[in-house]
Number of protein chains: 2
Amino acid sequence: MFKKITQQRIFEDLVAQIEGAILDGRLKTGDQLPAQRDLVDMFQTSRGPLREALRVLEQKGLLEIKRGVRGGAVVKQPGMAPVAESLGLLVRHREITLAELSEFREGVEGSVAAIAAQRATPADIRQLKSLLKQAKKHVGDGIEAWQAFCHVDNRIHVAIAKAAGNRVYEFVLRMVHDNIQQYYEAHPLKGQPFMQENYQDLCDIVTALEKRQATAVRALMQSHVRRFNRYMNSQGGNP
Amino acid sequence: MFKKITQQRIFEDLVAQIEGAILDGRLKTGDQLPAQRDLVDMFQTSRGPLREALRVLEQKGLLEIKRGVRGGAVVKQPGMAPVAESLGLLVRHREITLAELSEFREGVEGSVAAIAAQRATPADIRQLKSLLKQAKKHVGDGIEAWQAFCHVDNRIHVAIAKAAGNRVYEFVLRMVHDNIQQYYEAHPLKGQPFMQENYQDLCDIVTALEKRQATAVRALMQSHVRRFNRYMNSQGGNP
DNA sequence: AAGAAGTTAATGGGTAACCCATTTAATTTG
DNA sequence: CAAATTAAATGGGTTACCCATTAACTTCTT
């Protein structure tokens, strides 16, 4: 209900004030804050706490700090990096397992695809088909074929998320993808059949997407992701 | 591919070292770090950068810092608070809209319910039914009836997430719920019919869940959440 | 002129020495 | 024995420096 009051610390007040100014628009993206020595004057405090506040705001992704003349703190547009970072901490701290994350990804990718089926524009479909053509070229053996295929596969997933037209899904998807990726740093070599299967999955997905069959797309996407996870877990470096 | 090298700053090295020690288990939850003056000795640096590092780690939810004798930095189990915080920033910075967040919630709640339909134990079902009984009591008019009903409704959602047995879903759900909630600080009064409808939704969901009808549960849950969002948007304080 | 090289000054980063406030534990006192 | 007091450890904050970096300015060379 209420939050514990520990706020006797100056840096917390500084963070709150600057963050407030950014969030309600008094400070806009790209604006430059005064130099630390001036801020210290304005806030009537000393550099220690001020620096701590700037560190925190930097870590939150709200500021970027450059050194040298004409340097200083610049207001930054916060992206999903801090969200991904803290989620990554949970994963690496083993509070959530790879299996849970994979299952989550399965559901989210399914939902994203289902929404995309309702909203994809002809332009989206065209782009997906062009990506499919690229993917087809990369179906083959060898490590560089695998990497190229993965790259296109990823672009297809992102394109579908964009077609769904919801940035939350897009953010979450990329976030989860990045965090899962960390588990498979050194990909073992995948064979041509695996890529062939995956390529077929993608074709089916795009086809169903074009026909706006939302539930079918969801199921196809889920089984596609599940297949990928299964392969990764069986052969990959799950520690 | 590579990350920009700006790491001449001492505090970043300190953060990396301490974070590393926590993540690979050399420091466990509950462990106490040496006093700042000792750490300064160990790291051969000065208090300024050390304090900045501790601030960052505190903000990441990895440390808790107490003052006074026997105080100091204690390793903390990082929860979802930092993730929720940074997501909240994105929402408040208007990078993502309430509509997008609501749609996301719809999909996630649907997936959670579908998984729960496959996994719910008899004990889970029993608990849900007992919560339904409580909800029934609160269906009525007046602001306190509405608040009580909301409280039970929320408990039911959480219980379903727990039944799904995937903490990622549980985290994400609570995170999204908290962030959506902020938009509706002052709930306008809802009438008895609205609560009646919602209660009926919940009953249908639990019934389908007991029968393990995953797709039906997903659809029911989605329409339940959608109804809630629609009401909130039409009458609520969406700025 | 034009460009290269050096200079300057602003700015963040870091250090050291110090004091204050808080908090727990030990000690004194009634 | 309990309450009050004192002591000591610890984080928080302040001040006064100095250093490293960097953009802008100046000067020199061709």
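Structure shown above.
In this report, the structure presented in the accompanying data block is examined. (Residues numbered from 1 in each chain as written. Chains lettered and ligands numbered in written order. Predicted model: local features only at pLDDT ≥ 70, side-chain atom pairs only at ≥ 80, totals over all residues. Heavy atoms only, no water.)

**Some points on the protein's contact with DNA strand C**
Argument step 1. Near DNA strand C you find 24 residues, and of these R37(A), R55(A), I10(B), T45(B) and S46(B) are the closest.
Argument step 2. Within 4 Å of the protein, the atoms of DNA strand C are drawn from sugar and phosphate moieties in a proportion of 63%.
Argument step 3. Mapped by element, the contributors of at least two residues to the surface near DNA strand C are α2 (36-43), α3 (47-59) and β1 (63-66) of chain A together with α3 (47-59) of chain B.
Argument step 4. Residue contributions to the surface near DNA strand C peak at three residues, all from α3(A).
Argument step 5. Class assignment for the residues of the surface near DNA strand C results in six nonpolar, seven polar and 11 charged. (Near = heavy atom within 4 Å. Helix = DSSP H or I, 4+ residues; strand = E, 2+ residues; numbered from the N terminus. Nonpolar A, V, L, I, M, F, W, Y, C, P; charged D, E, K, R; others polar.)

**Some remarks on the pattern of salt bridges**
Between side chains of opposite charge, pairing is possible as soon as their charged atoms come close.
Argument step 1. Here the structure, examined in full by the defined rule, presents 34 salt bridges over all chains.
Argument step 2. Among the salt bridges present, the one from K129(A) reaches E210(A), with a minimum N-O distance of 3.1 Å. Of this pair, K129(A) sits in helix α6 (residues 122-138) while E210(A) sits in helix α9 (residues 192-210), placing them 81 residues apart in sequence.
Argument step 3. Of the charged contacts in the structure, one is a salt bridge between E12(B) and R9(B), with a shortest N-O distance of 3.0 Å.
Argument step 4. Residue E12(B) is classed as partly exposed on the basis of its relative accessible area, which comes to 22%.
Argument step 5. One connected set of salt bridges, linked through shared partners, spans R9(A), E12(A), E52(A), R51(B), R55(B) and E58(B). (Salt bridge = Lys/Arg side-chain N within 4 Å of Asp/Glu carboxyl O. Buried < 20%, exposed > 50% of the residue type's maximum accessible area, 1.4 Å probe, protein only.)

**Section: the interface of chain A and chain B**
Argument step 1. Of the residues lining the interface, 53 residues belong to chain A; the matching set on chain B comes to 53 residues.
Argument step 2. Summed over both sides, the interface of chain A with chain B buries roughly 4,800 Å², with 56% coming from carbon and sulfur.
Argument step 3. The interface formed by chain A and chain B holds 14 salt bridges in total.
Argument step 4. In this structure, the salt-bridge partner of E103(B) is R119(A), at a minimum N-O distance of 2.2 Å.
Argument step 5. One can count 22 residue pairs in polar contact (both at pLDDT 80 or more) joining chain A with chain B.
Argument step 6. With nine residues, helix α5 (residues 98-119) of chain A is the single largest residue contributor to the side of chain A that touches chain B.
Argument step 7. Across the side of chain A that touches chain B, the residue classes tally to 22 nonpolar, 14 polar and 17 charged. (Contact = heavy atoms within 4.5 Å. Buried area = accessible area lost by both parts, 1.4 Å probe. Polar contact = N/O pair within 3.5 Å; in protein donor to acceptor, adjacent residues only side chain to side chain.)

**A closer look at the pairing of strand β1 (residues 63-66) of chain B**
Residues and elements named next belong to chain B.
Argument step 1. As defined by bridge partners, β1 adjoins strand β2 (residues 72-75) across four bridges and the pair is classed as antiparallel. Across the sheet, the residue bridging to L63 is V75, located in β2.
Argument step 2. Adjacent in sequence and paired antiparallel, β1 and β2 are bridged by five residues, among which G68 carries a positive phi angle near 85 degrees. (Pairing = 2+ DSSP bridges.)

**Looking at the relation of the copies chain A and chain B**
Argument step 1. Overlaying chain A with chain B gives an RMSD of 0.1 Å, the required rotation being 180 degrees about an axis along which the chain moves by 0.0 Å. Here the transformation between the copies is reduced to the relation of a two-fold axis.
Argument step 2. When the interface residues of chain A are mapped onto chain B, 98% of them again fall at the interface, so both copies present the same face. (Least-squares fit on C-alpha atoms with pLDDT ≥ 70 in both.)

**Some words on the packing of helix α2 (residues 36-43) of chain B against α3(B)**
All names here are of chain B.
Argument step 1. At their nearest, the axes of α2 and α3 sit 10 Å apart, and the two run at 110 degrees to each other. Classified by the interaxial angle, the pair formed by α2 and α3 is roughly perpendicular. Counted together, Q36, R37, L39 and V40 of α2 and R47, L50, R51 and L54 of α3 form the full contact between these two elements.
Argument step 2. Along the lines of polarity and charge, the residues of the contact of α2 with α3 split into four nonpolar, one polar and three charged. (Axes fitted to C-alpha atoms, helices over the stretch in contact; angles between N-to-C directions. Parallel < 35°, antiparallel > 145°, perpendicular 65-115°, else oblique.)

**Structural notes on helix α4 (residues 81-92) of chain B**
Argument step 1. With 12 residues, α4(B) should reach 16 Å at 1.5 Å per residue; the first-to-last C-alpha distance of 16 Å fits that figure.
Argument step 2. Among the 12 residues of α4(B), nine are classified as buried, and the element is accordingly described as predominantly covered.
Argument step 3. P82(B), V83(B), A84(B), S86(B), L87(B), G88(B), L89(B), L90(B) and V91(B) are the residues of α4(B) that are buried.
Argument step 4. Packing partners of the buried residues in α4(B) comprise α1 (10-23), α4 (81-92) and α8 (167-181) of chain A together with α3, α5 (98-119) and α8 (167-181) of chain B.
Argument step 5. After α4(B) finishes, the residue R94(B) shows a positive phi value of roughly 65 degrees. (Expected span 1.5 Å × (residues − 1).)

**Let's talk about the side chain of S111(B)**
Argument step 1. As for its placement among the helices and strands, S111(B) is situated in helix α5.
Argument step 2. Using a relative accessible area of 3% as the deciding quantity, one classes S111(B) as buried.
Argument step 3. At 3.1 Å, the side chain of S111(B) and the side chain of R218(B) are in polar contact.
Argument step 4. If sequence neighbours within four positions are ignored, S111(B) has contacts with G107(A), S111(A), R218(A), Y169(B) and R218(B).

**Things to note about the environment of E109(A)**
Residues and elements named next belong to chain A.
Argument step 1. Along the chain, E109 falls in helix α5.
Argument step 2. For E109, a relative accessible area of 2% gives the class buried.
Argument step 3. Once the C-alpha coordinates of E109 and I160 are considered, the two residues, 51 residues apart in sequence, prove to be 9.1 Å apart.
Argument step 4. The residues touching E109, leaving out its near neighbours within four places in the chain, are H157, L173, M221 and V225.
Argument step 5. Only 2.9 Å separates the side chain of E109 from the side chain of H157, close enough to count as a polar contact.

Remember, this is a structural readout, not a statement about activity or role.
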